[in-house]
Amino acid sequence: MLNELKSLSESMKDAGINPPIWHNRLKKLPKGENLMLFLNSEGILIELQRLQYDRTKELRKYGTNQGTFPAFNIELEIEDDDKESKKELGKLLQKAEEHVPEIIALLDRKATFSKTKAGQDRGILKINSCLKTVASELLEKVGNSPDEYKALEELINRASKVTRDGFLRQFKDRIFEKIQNNPSETSTWVQFLIQSDNVILEVDASYDSKYPVNNINTLRWINSRLLGTVEKTPRTKSLDAYAKPVDMKKANKDKLPQVNLPKIGRITIRQMFEAKPCQSRYAKIGSASFPIGHEARNEMAAALEWLAKEQKIGKTWANVAGVSGHGNGLLFAYPSALSEPEDQPEYAGIFAPEDNASDADGVNFEAAAARVLPSIHGIVKNTPNAEMRIFVLVKPHGIKATTAKLLFSERYELSRLPSAAEEWKNGCGNIPLLLAEPSTPFPSEVVKCLNCEWIRDGTEMADVHGLGIGEGIKLLMETENYAKPIIERALNLAVKNSTPLLLGYAHEIHKEIHNKEKVKSKDYKLPGKGWVRKANKDKNFKAVHQVNLVPPILGLLLFKQNINKEDYMNNAPFLVGKFLSLVDLLHKEYCSIVRGAIPNQLIGNAMMRTALIDPQKAMSQLSDRLPVYYNWGNTVEFSEKTRKTKWALGQINKVSNEISKVDYPERMRDAEKAQLLLGYLAREPKEVDQDNENTNENKTN
């Protein structure tokens, strides 16, 4: 990941983008609600205040995993083996406002500092480390404070007076006061008490200072003092991996910076576990295997933090948790010739879209491309050799460690993106008119669709891993020659995993004579123009069915194999699929009129499984079953009731004549199977009840 961040930081320098560089021990606070604790001059906790994330997102805390200041976690709990107390508390909280005294009494007895596995009191370790050791270390490093920042020295002095038992007692009392004064918020304050939450220390309002400790101006001053202690021009002549002077002794001692990323959480920009045998292969362990000076490491951390700003979602980064294959995941995409305009287009969004409820048409690939490409053209005009840089970071769900994995990293000529987007759009349009309402998928949606295996006529789905997010990006960006193995595997996955869904969906439509409003026998939801997709993070993907996405994917993969609809719609596989679709309609009409009931399976659908293996065999077997319905259709008189029957017969005769002129494939490869499925899903340009020309023709049959 270091090489990616180094390139990013250099591009930012060239563009004049200079994000603030923060010392690696000044870390952002975690997201969520925090508590601010006000201390008086005696070190007594006198007040609590709840702070929403928008008030704390700029704040930072100094320290390491062993302790931080002025913000830290309080670890209070009801011990795990005290199940009765937990059960009792749960019952009381169901009607919290009626049981405030009982809740306070229970928490006063049972809520205490958690224990380590060795039985040590975490409270003693945490309080002593944060309020004594870390605070003193911070004061020593920043030195004397100017008058406007004197609140820092005062807070550290007050924190030194805090005792473990006194702190716990005061913290409980302040929580209980909040509960008593506002019983409706009892559950909220109970959660603050018994869960590990971030608290932020501050001097009370009686202390007169221009800036409190937890103020961006104070933090910037602290940061400047901390960075000033880092020797930028070391006396040693050693050079780091980027040919910059470095004090290796100091660099090896200090850990690399951490960055708090959206969705993923805190990560270290490079973390090598020294106990792994591979680390000693070249007699270089840990940071010695790739020496990086403080200047380079701070620049890279600042660059990643800039790229992952929350307001840049969809622009420079996108959430790919549902398609990364590794739990949480972020995709980063940006042009090497950077800028930071307010209306920056969604470079990342063209690969993995974000939901956009304000977009009346939902998330749309063509619309996203139209917003991005003008910017691309402008960059390429000024910088012809500009690149589109893309990388993906992943981190498994529930992992608290700061280790992230670089899953994918690639660079493409920026000039390739407009032509790639046009090819993608044309490929997804390489399909006939369908029963479904096709929608051009984004690369992340292709990955999501192909990693869903459908069974039981498409009513049940299981996640499988067949295609990675990097391969989805390559399908868009790389030419057919380079992407050939991916195209072949993707087509195999599309046919194998989606056939039950497509056959089940089309069968339901056939039983209802193309009337999608009547499809109620199965949970097929047909999102339309206003659909906002959730393909990259919706776990219950059945709620946004793939029937609108898979056919364009099949068309795209055929297009990338130079198989165009103008050709394949005249081939045997497609015509057989279309023929079986029409047979379904004829069978349905016969059963509806003659028998008064529609069977569970129509004969065209029943033959599709055989046709996917050997279409000629399917047609041969169908010749034994079709005459009953075909002869009935020819003998029945034309009327409004039999109009659809006559229309189906005319179309069957037409397609049968076309099949007689083509050769069946020697074997059904994935490409032929895709064409067969598209033929089964195809419909005529005119609806049956409006096709007057065919209706008049069929009156004579």
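What counts and how
Residues numbered from 1 in each chain as written. Predicted model: local features only at pLDDT ≥ 70, side-chain atom pairs only at ≥ 80, totals over all residues. Heavy atoms only, no water. Helix = DSSP H or I, 4+ residues; strand = E, 2+ residues; numbered from the N terminus. Contact = heavy atoms within 4.5 Å. Areas by Shrake-Rupley, 256 points an atom, 1.4 Å probe, with all protein chains shown as cover. Pairing = 2+ DSSP bridges. Axes fitted to C-alpha atoms, helices over the stretch in contact; angles between N-to-C directions. Salt bridge = Lys/Arg side-chain N within 4 Å of Asp/Glu carboxyl O. Buried < 20%, exposed > 50% of the residue type's maximum accessible area, 1.4 Å probe, protein only. Parallel < 35°, antiparallel > 145°, perpendicular 65-115°, else oblique. Nonpolar A, V, L, I, M, F, W, Y, C, P; charged D, E, K, R; others polar. Core = buried A, V, L, I, M, F, W, Y, C linked by side-chain atoms within 4.5 Å. pLDDT = per-residue confidence, 0-100. Phe/Tyr/Trp six-rings, centres within 6.5 Å; stacked < 30°, edge-to-face > 60°. Lys NZ or Arg CZ within 6 Å of the ring centre and 35° of its normal. Polar contact = N/O pair within 3.5 Å; in protein donor to acceptor, adjacent residues only side chain to side chain.

Peer 1: Tell me what's going on with the overall build of the protein chain, and back it up with residues and numbers.
Peer 2: Of regular secondary structure, the protein chain possesses 24 helices and 17 strands. Relative to all contacts within the protein chain whose residues are 6 or more apart in sequence, the contacts with residues 24 or more apart total 75%. As displayed, the protein chain offers around 32400 Å² of accessible surface, 46% of which is attributable to carbon and sulfur atoms.

Peer 1: So what about the sheet that holds strand S1 (residues 26–28)? Which residues, and what values?
Peer 2: Two modes of strand pairing occur in sheets, parallel and antiparallel, and in both the strands are linked by backbone hydrogen bonds. The sheet built from three strands is open, its strands ordered S1-S4-S5 with antiparallel pairing. Looking at strand neighbours, the two that pair on one side only are S1 and strand S5 (67–69), the edges of this open sheet. For this sheet the average axis-to-axis angle between neighbouring strands, irrespective of direction, equals 45 degrees. Where strand S4 (residues 60–64) lies against S5, three bridges are found, and the strand directions are antiparallel. In the strand pairing of S5, Tyr 62 is matched with Phe 69. Running at roughly 140 degrees to S1, helix H9 (residues 216–228) makes contact with S1 and S4 of the sheet.

Peer 1: Pulling in residues and values, what's your account of the sheet that holds strand S14 (residues 387–395)?
Peer 2: Strands sit in the order S12-S13-S14-S15 across an open sheet of four strands; the sheet is antiparallel. Bordering the open sheet on either side are strand S12 (317–319) and strand S15 (405–413), each of which pairs with just one other strand. Direction aside, neighbouring strands of the sheet carry axes that sit 15 degrees apart on average. With eight bridges connecting them, S14 and S15 associate as antiparallel partners. Paired with Leu 393 across the two strands is Leu 406, which belongs to S15.

Peer 1: So what about the pattern of salt bridges? Which residues, and what values?
Peer 2: With the rule as written, the count across this model stands at 23 salt bridges. In this structure, the salt-bridge partner of Glu 47 is Lys 178, at a minimum N-O distance of 2.8 Å. Residue Glu 47 is located in strand S3 (residues 45–51), and its partner Lys 178 is located in helix H7 (residues 164–181); the two are separated by 131 residues in the primary sequence. Judged by relative accessible area, Glu 47 falls into the partly exposed class, the value being 34%.

Peer 1: Any details on the packing of H7 against helix H8 (residues 186–194)? Residues and values, ideally.
Peer 2: How two helices sit against one another is set out by the angle between their axes and by the gap between those axes. Between H7 and H8, the least distance of the axes is 9 Å, while the angle of their chain directions is 170 degrees. One way to sum up the angle between H7 and H8 is to call them roughly antiparallel. Judged by residue contacts, Phe 171, Lys 172, Ile 175, Phe 176, Lys 178 and Ile 179 of H7 engage Thr 186, Trp 189, Val 190, Phe 192 and Leu 193 from H8. Here the contact of H7 with H8 is built from residues that sort into eight nonpolar, one polar and two charged.

Peer 1: Give a detailed account of the nonpolar core, specifying residues and quantitative values.
Peer 2: Of all hydrophobic cores here, the largest spans 108 residues; its most connected members are Leu 331 and Phe 579. In terms of residues, this core owes the most to one element, helix H16 (residues 480–511), which gives 14 residues. Every residue in contact with Leu 331, bar those within four places of it in the chain, is listed here: Thr 316, Trp 317, Ala 318, Val 320, Ala 348, Phe 351, Ile 390, Phe 391, Val 392, Ile 469 and Ile 473. With 64 residues, the next largest nonpolar core counts Leu 51, Leu 92, Ile 103 and Leu 152 among its residues.

Peer 1: Quick rundown of unusual backbone geometry? Include the residues and the values.
Peer 2: In the segment running from Phe 69 into Pro 70, the intervening peptide bond is cis, with an omega of 5 degrees. Notably, Lys 263 is not glycine yet its phi reads approximately 70 degrees, a positive angle. At Asn 562, a residue that is not glycine, the phi angle is positive and equals roughly 60 degrees. Secondary-structure assignment places Asn 562 in the loop between helix H17 (550–559) and helix H18 (565–568).

Peer 1: Please set out the confidence of the model for the protein chain residue by residue, giving values where relevant.
Peer 2: Averaged over every residue, the pLDDT of the protein chain is 83; residues scoring 70 or more account for 84%. Predicted confidence in the protein chain is weakest over helix H24 (residues 692–698), with a mean pLDDT of 42, and strongest over helix H23 (residues 670–681), with 97. Counting interchain partners and residues more than four positions distant, the pLDDT-below-50 stretch residues 356–361 has eight contacts.

Peer 1: Residue-level account of the pairing of S14, with values.
Peer 2: Burial analysis of S14 places eight of its nine residues in the buried class, the great majority of the element. In terms of strand pairing, strand S13 (residues 328–335) meets S14 through eight bridges, oriented antiparallel. Each bridged residue has a counterpart across the sheet, and for Gly 329 the counterpart in S14 is Val 394.

Peer 1: An account of the environment of Glu 97 is requested, with residue identities and associated values reported.
Peer 2: With respect to the helices, strands and loops of the structure, Glu 97 is situated in the loop between helix H3 (83–94) and helix H4 (100–110). On the basis of relative accessibility, which here comes to 54%, the residue Glu 97 falls in the exposed class. Taking C-alpha positions, Glu 97 is 5.1 Å from Pro 183, a pair spaced 86 residues apart along the chain. Sequence-distant contacts of Glu 97, defined by excluding residues within four places in its chain, comprise Pro 183 and Ser 184.

Peer 1: Lay out the packing of aromatic side chains with the relevant residues and their values.
Peer 2: In total, this model carries eleven aromatic pairs according to the counting rule given. Ring plane angle 85 degrees and centroid distance 5.3 Å describe the contact between Tyr 590 and Trp 632, whose orientation is recorded as edge-to-face. Taken together, the residues span a long stretch of sequence, with Tyr 590 in helix H19 (residues 572–595) and Trp 632 in helix H21 (residues 615–635) at a distance of 42 residues. Of the two residues, Tyr 590 and Trp 632, both sit in the buried class. The structure contains a cluster of three or more aromatic residues connected by ring pairs, namely Phe 72, Phe 167 and Phe 171. The ring of Tyr 242 carries Lys 6 above its face, with NZ or CZ at 5.0 Å from the centroid. The positively charged end of Arg 50 is found above the aromatic ring belonging to Trp 189, 5.8 Å away from the centroid.

Peer 1: Provide a residue-level description of the side chain of Ser 11, including the pertinent values.
Peer 2: Mapping Ser 11 onto the fold places it in helix H1 (residues 2–14). Dropping the residues within four chain positions of it, Ser 11 is found in contact with Ser 336, Leu 338 and Arg 389.

Peer 1: Before we move on, can you summarise the side chain of Thr 56 with the specific residues and values?
Peer 2: Here Thr 56 lies in helix H2 (residues 53–56). Of note is the side chain of Thr 56, whose polar atom sits 3.4 Å from the side chain of Asn 34.

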